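# Structural features, examined
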Amino acid sequence: MTSREHHIAEDLIGAQYEAMDAHTQRVAKQLTKRGHISRHPDQKKNGQSDFGQRAADAVARFGGSWTFIFAFLFVLVAWVILNSVILLRYDSAFDPFPYILLNLFLSMLASIQAPIILMSQNREAEIDRGQAEHDYEVNLKAELEILLLHEKIDNLRNQQWQEMMALQQQQISLLEKLLADKSK
């Protein structure tokens, strides 16, 4: 940025350019260049996600859905009914009443599913932080643009007042001249 651009940015933001954080410097650059800072929220900063991230998102999406809840409920009910029927008919179920094997499977599922869902949530939180930073930049630029517009309007108003004062002085001079000519 040129020294003029530094000066404009420093005047509007009220801080030395070098002392501004990266977001504010980016806004100052875009403001002085009259460029756009907004972007579509779906645009990714870091490019495409890797396989693990996509898999974690898919597991979190499925694990937090009604489809998963109903399928899981169906499996649990089927497990209990199957073991209860076998226990009643043949007196030897592969997982009798306290359903210890079912508890083991549920524990294993939870121990695998929980970290995967947490990975997905961490990724979403990172995306949200990026969007919040972008929102801050857009809002700061909008605020600065509004300040610039106020400054321009104030300058126009001052210029109009000066022009009106000059015209009024001319009118007073002409009236004084007319009065002087009339009194002669």
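The notes below deal with the structure included here. Remember, it's a predicted structure, so these values are computed and weren't measured experimentally. (Residues numbered from 1 in each chain as written. Predicted model: local features only at pLDDT ≥ 70, side-chain atom pairs only at ≥ 80, totals over all residues. Heavy atoms only, no water.)

## Quick notes on the overall build of the protein chain
When helices and strands are tallied, the protein chain shows five helices and zero strands. Each helix (α) and strand (β) of the protein chain, taken in turn from the N terminus, gives the series α-α-α-α-α. The C-alpha radius of gyration computed for the protein chain amounts to 36 Å, which surpasses the reference 16 Å derived for 184 residues by more than 25%, pointing to a less compact arrangement than a globule. C-alpha extents for the protein chain along the principal axes are approximately 135 × 40 × 20 Å. Per-residue burial for the protein chain yields a buried fraction of 21% across its 184 residues. (Helix = DSSP H or I, 4+ residues; strand = E, 2+ residues; numbered from the N terminus. Rg over C-alpha atoms; globule rule 2.2 N^0.38 Å. Buried < 20%, exposed > 50% of the residue type's maximum accessible area, 1.4 Å probe, protein only.)

## Some points on the packing of aromatic side chains
Going through the model one piece at a time under the given rule, you end up with six aromatic pairs. Consider the rings of Phe68 and Phe72, whose centres lie 5.4 Å apart with planes at 20°: the pair is stacked. Note that Phe68 and Phe72 are positioned in helix H4 (residues 66-90) at a spacing of four residues, about one turn of the helix. Ring geometry for Phe97 versus Tyr99: centroids 5.8 Å apart, planes at 65°, classification edge-to-face. For Phe97, a relative accessible area of 62% gives the class exposed. Three or more aromatic residues joined by ring pairs make a cluster, and in this case those are Phe62, Phe68 and Phe72. (Phe/Tyr/Trp six-rings, centres within 6.5 Å; stacked < 30°, edge-to-face > 60°.)

## Details of H4
Since the α-helix advances by 3.6 residues per turn, residues separated by three or four positions end up pointing in the same direction. Helix length check: H4, at 25 residues, gives a terminal C-alpha distance of 35 Å against a target of 36 Å (1.5 Å per residue), a fit within 8%. Regarding H4, the residues found buried are Phe68, Trp79, Asn83 and Ile86. In the core, the buried residues of H4 are packed alongside helix H3 (51-63) and helix H5 (100-183). Positive phi shows up at Asp91, right after H4, with a value of about 60°. (Expected span 1.5 Å × (residues − 1). Contact = heavy atoms within 4.5 Å.)

## Comments concerning a nonpolar patch on the surface
Together, Trp66, Ile69, Phe70, Leu73, Val77, Ile81 and Val85 line one region of the surface with nonpolar side chains, adding up to about 710 Å² of accessible area. Along the chain, the position of Phe70 falls in helix H4. (Patch = residues over 30% accessible without salt bridge, like charges linked within 9 Å, V, L, I, M, F, W, Y side chains within 5 Å. Areas by Shrake-Rupley, 256 points an atom, 1.4 Å probe, with all protein chains shown as cover. Salt bridge = Lys/Arg side-chain N within 4 Å of Asp/Glu carboxyl O.)

## Digging into the environment of His6
Inspection of the secondary structure assignment puts His6 in helix H1 (residues 3-13). According to the relative accessible area criterion, His6 is buried, its value standing at 17%. Along the primary structure His6 and Gln25 are separated by 19 residues, whereas in three dimensions their C-alpha atoms are 9.7 Å apart.

## Points about the packing of helix H2 (residues 22-33) against H5
At a minimum axis separation of 10 Å, H2 and H5 run at an interaxial angle of 45°. Classed by the angle they form, the pair H2 and H5 counts as oblique. As for the relative orientation of H2 and H5, their crossing is right-handed in sense. Along its contact with H2, which presents His23, Thr24, Arg26, Val27, Gln30 and Leu31, the element H5 presents Glu133, Tyr136, Glu137, Leu140, Lys141, Leu144, Glu145 and Leu148. (Axes fitted to C-alpha atoms, helices over the stretch in contact; angles between N-to-C directions. Parallel < 35°, antiparallel > 145°, perpendicular 65-115°, else oblique. Left-handed = near helix turned anticlockwise from the far one by under 90°.)

## Considerations on the side chain of Asp95
Looking at the secondary structure, you find Asp95 in the loop between H4 and H5. At 19 Å, Arg89 is the nearest oppositely charged side chain to Asp95, a buried residue that forms no salt bridge. Of note is the side chain of Asp95, whose polar atom sits 2.9 Å from the side chain of Trp79. Here Ile100 takes part through its backbone nitrogen, which lies 3.1 Å from a polar atom of the side chain of Asp95. Those residues in contact with Asp95, other than ones at most four positions away along the chain, are Trp79, Asn83, Ile100, Leu101 and Leu102. (Lys, Arg positive; Asp, Glu negative; His and termini not counted. Polar contact = N/O pair within 3.5 Å; in protein donor to acceptor, adjacent residues only side chain to side chain.)

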